[in-house]
Every structure is written in structure tokens, then in C-alpha cells.
Amino acid sequence: MAAAHDTTTAPEVVLLMGPPGAGKGTQASLLAEERGLTKLSTGDMLRDHVRRGTPLGERAQAIMESGELVPDDVIVGMVRATMQAAPAVRFLLDGFPRTPAQAASLDALLDELGARITAAVALEVDDDELVQRLVQRAHEEGRSDDNEDTVRNRMEVYRRQTQPLLDYYAGHGALKRVDGLGDVDTVTGRIREVLP
Ligand code: ADP
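The present account deals with the structure reproduced in this document. The model shown is predicted, which means the values in this text are computed figures rather than measured ones.

### A look at the packing of helix α3 (residues 42–52) against helix α5 (residues 72–85)
Following both chains from N to C, one finds α3 and α5 inclined at 100 degrees, their axes separated by 11 Å at the closest point. Relative to α5, the element α3 is oriented roughly perpendicular. For the pair α3 and α5, the contacting residues are T42, M45, L46 and H49 in the first and I75, M78, V79 and T82 in the second. Classifying every residue of the contact of α3 with α5 gives five nonpolar, three polar and no charged.

This is the structure in C-alpha cells:
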């Protein structure tokens, strides 16, 4: 099927945005597979550094456990290296960009690579549901930043630093708001509908 449309190297950059617990990671994996995109999750990359005990991981661990953001230059350096090394600019970005500075760096990087943002999908879920999901995830996965204090701070950080980016992408005509309530397949279907 992919060969018939010859889309395998055409640039495609889909952003998956939304508050902690909105389901970005799950949907990112499904959609990346379906569209032949590489999932690039800055949270996963950071957790991998922490697990391997790299200098970056040692620096990031305490920040992540407090629910604050890892400095922009660290994140941008990580994303830039991954994108520049890839054979094609076909990515599904999960959890990046998260600040206006990261968004500006992404624009510059995509300019260099001759690509642009295909769509910025914002998964919308109300706060009560988010808290419930994160508490559940804490039980199931034991992620060290899913305890109540950190969760509350991550939500606050999201509202303050990341939510303004939605206006930025709306201004560029790239924003697609999607209801994130419902089972996984239902939400995947809604995202599929808004993607070109
Ligand atoms: P969630 O969105 O559910 O909080 P993530 O796995 O995306 O989970 O992120 C976990 C933590 O990793 C964040 O709270 C933050 O400390 C760090 N992090 C991930 N992505 C970024 C980013 N783009 N910029 C800064 N920090 C990040």
C-alpha cells in the first residue's frame, strides 16, 4: 500500500500535544506505526538516559521527579541530533515542543531540513479524568513522577508553559483539537479524521 502511494520519504511531522495523562504516548505509538512515522518521545528518551545513568540522565532525574521541565537546550539538542540523523523527516512528536522556545527551535530545525509541521493534534481531557488516569498509571507502571504532588505540578507546568503553544499553532492553521475522552480506538479514529 505504501509503495503504491510512494509516500515513504515524503516529509511528515505530526505533533501530539496535551496535558499529562491525556494519552499522548499510547496514541503516538499507534499512529506512528500506522503512518510509517518514527515516534520521538522526549519523555521516553529522558527516561532512557535516567535508566542508563548517563550524565544527562543524572541531571534530568531530579527535575522530572519534581514535575518541572528539563532545560530547553538539553531537549532541543536531543531532538536535533535524532532528526538530523534520520534518513527521512517523518516523525510523530510526543511531548515536544513544550515551551515557546522549543517551538521556535523546532521551526528553525524543520526549515533547515526542508520540512514543515503537518498537524498539531491537541488531545483534550478534563482535569478530573486526568488525575484519575495518572493515579491509575501510578499503580500499574510505578512511574516515579506519577505521585500526587508531582502530578499536580506537571499539570500546572503544562497550563503555564505548554498550553500557550496551542494558540501559536492555531495561528499557523496547524492546530487540530481532538476529544481525548473514550476508549483508545475511538480516540485514534478521531485523530485519523483530522490528519491530512
Ligand atoms: P507527561 O506528558 O505524561 O507528563 P512525559 O513522558 O512527556 O510525560 O514527560 C515526563 C517528564 O519529562 C516531564 O515532566 C519533564 O520533566 C520531562 N520532559 C519530557 N519532555 C520534555 C520537554 N519537551 N521539555 C522539557 N522537559 C521534558
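So much for the structure itself; the text now carries on.
### Brief notes about the environment of G53
Secondary-structure assignment places G53 in the loop between α3 and α4 (55–66). Exposure remark for G53: the relative accessible area of 37% places this residue in the partly exposed category. Sequence separation between G53 and E156 is 103 residues, and the spatial gap between their C-alpha atoms is 28 Å.

### Points about the packing of helix α2 (residues 24–35) against helix α10 (residues 184–194)
The contact between α2 and α10 brings their axes to 10 Å, and the two run at 55 degrees. By the angle between their directions, the pair α2 and α10 is classed as oblique. Of the two possible hands of crossing, α2 and α10 adopt the one that is right-handed. Facing α2, whose interface residues are T26, Q27, L30, L31 and E34, α10 presents V184, V187, T188, I191 and R192.

### Regarding the packing of aromatic side chains
Throughout the structure, instances matching the rule amount to one aromatic pair. Taking 5.1 Å as the distance between ring centres and 75 degrees as the angle between the ring planes, the aromatic pair formed by Y168 and Y169 counts as edge-to-face. You can call Y168 partly exposed: its relative accessible area is 30%.

### Describing the nonpolar core
By size, the foremost hydrophobic cluster in this structure holds 32 residues, and its most contacted members are L15, M83, L93, L106, L110 and Y169. Where this core is concerned, the elements lending two or more residues are β1 (12–17), α4, α5, β3 (90–94), α6 (100–113), β4 (119–124) and α9 (164–171). The greatest single-element share of this core, amounting to six residues, is contributed by α5. Every residue in contact with L15, bar those within four places of it in the chain, is listed here: L93, F96, P97, L106, I117, A119, A120, V121 and Y169. Listed in part, the 20 residues of the second largest apolar core include L16, L31, L92 and I191.

Thresholds, definitions, all that
Residues numbered from 1 in each chain as written. Predicted model: local features only at pLDDT ≥ 70, side-chain atom pairs only at ≥ 80, totals over all residues. Heavy atoms only, no water. Axes fitted to C-alpha atoms, helices over the stretch in contact; angles between N-to-C directions. Helix = DSSP H or I, 4+ residues; strand = E, 2+ residues; numbered from the N terminus. Parallel < 35°, antiparallel > 145°, perpendicular 65-115°, else oblique. Contact = heavy atoms within 4.5 Å. Nonpolar A, V, L, I, M, F, W, Y, C, P; charged D, E, K, R; others polar. Buried < 20%, exposed > 50% of the residue type's maximum accessible area, 1.4 Å probe, protein only. Left-handed = near helix turned anticlockwise from the far one by under 90°. Phe/Tyr/Trp six-rings, centres within 6.5 Å; stacked < 30°, edge-to-face > 60°. Core = buried A, V, L, I, M, F, W, Y, C linked by side-chain atoms within 4.5 Å.

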